[in-house]
Amino acid sequence: MDPCHSGSLLAFPHDLNDFTFERVLDENPNFHSLIVLGTFPAPLSTAQPSDRNSVDRFGTQTDSCGESTDGIRLPAILRIERTAFSSTFTDHLSTGIVTSTKRIGDTDIYSWWHGWLARKDDIPDVKITVIFPATEVHIRKYTKQERIMVTETPDLYHEVVEPYIDAFPASRTQWVRDVLEGKSETGSVLCRTSRFLILPDMKWDPSWTDLVALPPRHHGHVGMLEEISDRAYSIAKERWALPRGALRMYIHYQPSYYHFHVHIVHASQDGTMGMAVGQAHLLEDIISMNSSYNAEQLRHSPNILSELTLTYGLGSQHGLYDAMVAAQVGTEEYASTIAQAEQILRAFV
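Please read all numbers here as calculations on a predicted model, not as lab measurements.

*Asks:* Describe in detail the packing of helix H4 (residues 222-240) against helix H5 (residues 283-291), supporting the description with residues and values.
*Replies:* At a minimum axis separation of 9 Å, H4 and H5 run at an interaxial angle of 150°. Judged on the interaxial angle alone, H5 and H4 are roughly antiparallel. The two elements H4 and H5 meet at a crossing, and its hand is left-handed. Contacts between H4 and H5 involve Val222, Leu225, Glu226, Ile228, Ser229 and Tyr233 from the former and Leu283, Glu284, Ile286, Ile287, Asn290 and Ser291 from the latter. Residue classes in the contact of H4 with H5 are distributed as seven nonpolar, three polar and two charged.

*Asks:* Describe the environment of Val126, and please don't skip the residues or the numbers.
*Replies:* As for its position among the elements, Val126 is in strand S8 (residues 126-131). Here Val126 falls in the partly exposed class, since its relative accessible area comes to 35%. C-alpha of Val126 to C-alpha of Ile80: the two residues are 46 residues apart in sequence and 6.5 Å apart in space. Beyond its immediate stretch of four places on either side in the chain, Val126 contacts Ile80, Glu81, Arg82 and Thr83.

*Asks:* Which residues make up the confidence of the model for the chain, and what are the values?
*Replies:* Averaged over all residues, the pLDDT of the chain is 79; the fraction at 70 or higher stands at 74%. Highest mean pLDDT in the chain belongs to strand S2 (residues 33-41) (96); lowest belongs to strand S3 (residues 54-55) (38). A low-confidence stretch, residues 1-10 stays under pLDDT 50, and its non-local contacts, those more than four residues away or across chains, total seven contacts. Low pLDDT, under 50, characterises residues 46-69; the predicted model gives this stretch 45 contacts beyond four residues in sequence or across chains.

Calculation criteria
- Residues numbered from 1 in each chain as written.
- Predicted model: local features only at pLDDT ≥ 70, side-chain atom pairs only at ≥ 80, totals over all residues.
- Heavy atoms only, no water.
- Axes fitted to C-alpha atoms, helices over the stretch in contact; angles between N-to-C directions.
- Helix = DSSP H or I, 4+ residues; strand = E, 2+ residues; numbered from the N terminus.
- Parallel < 35°, antiparallel > 145°, perpendicular 65-115°, else oblique.
- Left-handed = near helix turned anticlockwise from the far one by under 90°.
- Contact = heavy atoms within 4.5 Å.
- Nonpolar A, V, L, I, M, F, W, Y, C, P; charged D, E, K, R; others polar.
- Buried < 20%, exposed > 50% of the residue type's maximum accessible area, 1.4 Å probe, protein only.
- pLDDT = per-residue confidence, 0-100.

Dropping the structure here:
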């Protein structure tokens, strides 16, 4: 057994206590979440433990255990969020799970308290998502930002958006290909067909249905989209006894990563930014729009979305923000309006 990394996960070999905090990127009191930027020591060497004083793939000098010997640290993002109450929480209410309380106010029949809970293995306090090493793209994405609505015509897509998408290296979506090819997350896959698979999202919370469907390529074919919907409902009924109509299925535009995928969540789940008007488009609406195409239109363009003018929200840290703002009709007037809007928004933050 490796004495340096006994039982460690090589993909992330650090203890969270190794994290050094730098600054808060964002916080959301409505969703009880906090996103912070900091650093961890540079990754462990890929060299054999016997290769003393080797240099790892990041150019970092390492000792025989692969630990950084020159103090180099790399950026990391932690997303910390309060977890939902487990299904067993109410069973503990009368057995001392609330260890102490403090009254903070009352009026008439109402009173308010702060409470502290006892530790329970099945009731974790927080969920922590780690992104390491974090790139500048990750940092921009998770930094609090003002949002504006932009309008994208088919011409703007070809002139601005498509080159932006094509500029991403294939490595950005290598993890998607690994999942599709069965190289990772094989135990999580709930459904696999020749055209797509369905598996829990990386932000999976068992208290909610939170799945994602990944086709191998971007298809505009109605048949595949309808099959995704049918399979999703079959899984939801079999695993969670959810009836038809209990799911909300949608795609993002702009998405977090550019490989076509469908998000599948419980219809009762409270909206997040990703489910907001201006980013989320219901799968059923996309199926309906594409179904309205006749045979001649389908020969010309297999996907009606490529012919539409779309309006959507962009954050000021998004890579498309400057180009799309500059491309809007009446650039100077538009930029002035945006600056005024941002100033007003900051006054309320």
